[in-house]
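Tertiary structure, described
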Amino acid sequence: TDGRYQFIQKIVSTTVKKSGEKLTISDKIDQIVTNRILGIPIFVAIMFAVYYLSISTIGTMMTDWVNDVFVPEMLQKGAENLLAGVGASAVIQDLIVNGIIGGLGAVLGFVPQMAVLFLCLSILEDCGYMVRIAFVMDRVFRHFGLSGKSFIPLLISSGCGIPGIMASKTIEQDNDRRLTIMTATFIPCGAKLPVIAMMGGVMTSYATGSYEAGGLMAPCMYFIGIVAVLVAAIILKKTKPFSGKPAPFVMELPPYRFPTWKAIGRHTWEKGKQYLKKMGGIILVASIIVWALGYFPHDEHLSKQQQQEQSYIGKIGKTIEPVFKPMGFDWKLDVGLVAGVGAKEIVASTLGVLYSNDESVADNSDSGSKYQALHR
């Protein structure tokens, strides 16, 4: 690769007359953002700012409105009044209000945060900085046996792991491609973001009494994911299927340009649409299943919380509760954890359905605080 570009440079120098040796604006910016010393800190600062805007500030303000006003006050109360007005049975009312709207609403609350995240990433991609990240990270990755070409699939995996794995087909060497595929899922994807945001709210609410600090968990999880990729690469490189030197990495850096709103809007919508499609499919089905398991067998003489404990899902949760008891989980969290095996987004919708009937929300009990944190 070096020999090829040396030959190209020789031909260009002897045949092309240059007007001068002045650096372009893109070259001057690259001297800073791709600097051997400053490149990594600038990358960390930019990604931290992206997640901070998405999780802690702009995204959170919109998410709080969706969780506190739009879903409970507008959707659930509106649906409840409408169904009561048309004489719908109690089962249908509970299914639509608590099962469907409650389950989808738990996931819908994270859509604003993800929209802001996708918007920021689209701006970075359209202006030309994303390509520079691959160039900067190549220096780091080579110390761990990875090629800079692996970073693009890993970056795509932050949106969804499946297209990230598919993007690894551009890597020529088999061992590098296999290594990228094996490590791509360590990067937090869009499906994991609601779970990360939910975990951040729960953990920081207990530690600080505030939900806002939970936004720091998202960028931390992103960088922990990169560390996990590097550690896994070191381990896998010691095995025969992944051994060998990484392929040479050559990338032409396009000039910086101002992003267009049309392109940014299209990229943001395409990424967000994939997430919304899941809400109308697998998450909707999962919410109905979780509601049905929590509603039947139904006994009118029991309170909502007692009914849930006596239901099918309560029995399932009580059965597996001893397995997760050392972690401090109750049976509802156990059910949410198991449900997430099918799709990570289902964790939020499952807990939204299970905790929607929690009678201790009104008081300051541990379970009530836990639901309020999950709800936010």
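A short tour of the structure in this document, coming up.

Conventions used here
Residues numbered from 1 in each chain as written. Predicted model: local features only at pLDDT ≥ 70, side-chain atom pairs only at ≥ 80, totals over all residues. Heavy atoms only, no water. Helix = DSSP H or I, 4+ residues; strand = E, 2+ residues; numbered from the N terminus. Buried < 20%, exposed > 50% of the residue type's maximum accessible area, 1.4 Å probe, protein only. Contact = heavy atoms within 4.5 Å. Areas by Shrake-Rupley, 256 points an atom, 1.4 Å probe, with all protein chains shown as cover. Core = buried A, V, L, I, M, F, W, Y, C linked by side-chain atoms within 4.5 Å. Polar contact = N/O pair within 3.5 Å; in protein donor to acceptor, adjacent residues only side chain to side chain. Axes fitted to C-alpha atoms, helices over the stretch in contact; angles between N-to-C directions. Parallel < 35°, antiparallel > 145°, perpendicular 65-115°, else oblique. Left-handed = near helix turned anticlockwise from the far one by under 90°. Salt bridge = Lys/Arg side-chain N within 4 Å of Asp/Glu carboxyl O. Phe/Tyr/Trp six-rings, centres within 6.5 Å; stacked < 30°, edge-to-face > 60°.

1. Details of the overall build of the protein chain
For the protein chain, the count of helices and strands is 19 helices and 0 strands. Among the 376 residues that make up the protein chain, the fraction classed as buried is 44%. At a minimum sequence separation of 6, the contacts of the protein chain that also span at least 24 residues come to 69%. With an accessible surface of roughly 19800 Å², the protein chain has 67% of that area assigned to carbon and sulfur atoms.

2. Some words on the nonpolar core
Phe43, Met47, Phe151, Tyr222 and Ile226 are the most contacted members of the largest nonpolar core, which has 49 residues in total. Elements with a contribution of two residues or more to this core: helix H3 (39–56), helix H5 (90–108), helix H6 (111–127), helix H7 (129–142), helix H8 (151–156), helix H11 (193–208), helix H12 (217–237) and helix H18 (345–355). With residues up to four places along the chain from it excluded, the contact list for Ile226 reads Phe43, Met137 and Ile187. Membership of the second largest hydrophobic core comes to 9 residues, among which are Val290, Trp291, Ile313 and Val353.

3. Details of the side chain of Ser54
Structurally, Ser54 is set in helix H3. For Ser54, a relative accessible area of 0% puts it in the buried group. There is a polar contact of 3.2 Å between the side chain of Ser54 and the backbone nitrogen of Leu117. Once residues within four sequence positions are removed from consideration, Ser54 is found in contact with Gly59, Thr60, Gln113, Val116 and Leu117.

4. Quick notes on the packing of H3 against H7
Contact pair H3 / H7: the axes reach a minimum separation of 10 Å and the direction vectors enclose 130°. Comparing their axes, H7 and H3 come out oblique. The handedness of the crossing between H3 and H7 is left-handed. Only Tyr129, Ile133, Val136, Met137 and Val140 of H7 make contact with H3, whose side of the interface consists of Gly39, Ile40, Ile42, Phe43 and Ile46.

5. What about the pattern of salt bridges?
Counted under the stated rule, the structure contains 5 salt bridges. For Arg132, the salt bridge is made with Asp30, and the minimal N-O distance between the two is 2.9 Å. With Arg132 in helix H7 and Asp30 in helix H2 (residues 25–33), this pair connects stretches of sequence that are 102 residues apart. Neither Arg132 nor Asp30 differs from the other in exposure class; each is buried.

6. A few points about the packing of aromatic side chains
This structure, assessed with the given rule, holds 7 aromatic pairs. Their ring planes at 10° and their centres at 6.3 Å tell us that Phe48 and Tyr52 sit as a pair that is stacked. Of this pair, Phe48 and Tyr52 both sit in helix H3, 4 residues apart, roughly one helical turn. Note on Phe48: relative accessible area 34%, which makes it partly exposed. On the accessibility criterion, Tyr52 (38% relative accessible area) is partly exposed. Considering the side-chain rings of Tyr295 and Phe296, the 5.1 Å spacing of their centres and the 80° angle between planes classify their relative orientation as edge-to-face. By relative accessible area, Phe296 is classed as partly exposed at 34%.

Read these as layout, nothing more, since geometry by itself doesn't imply function.
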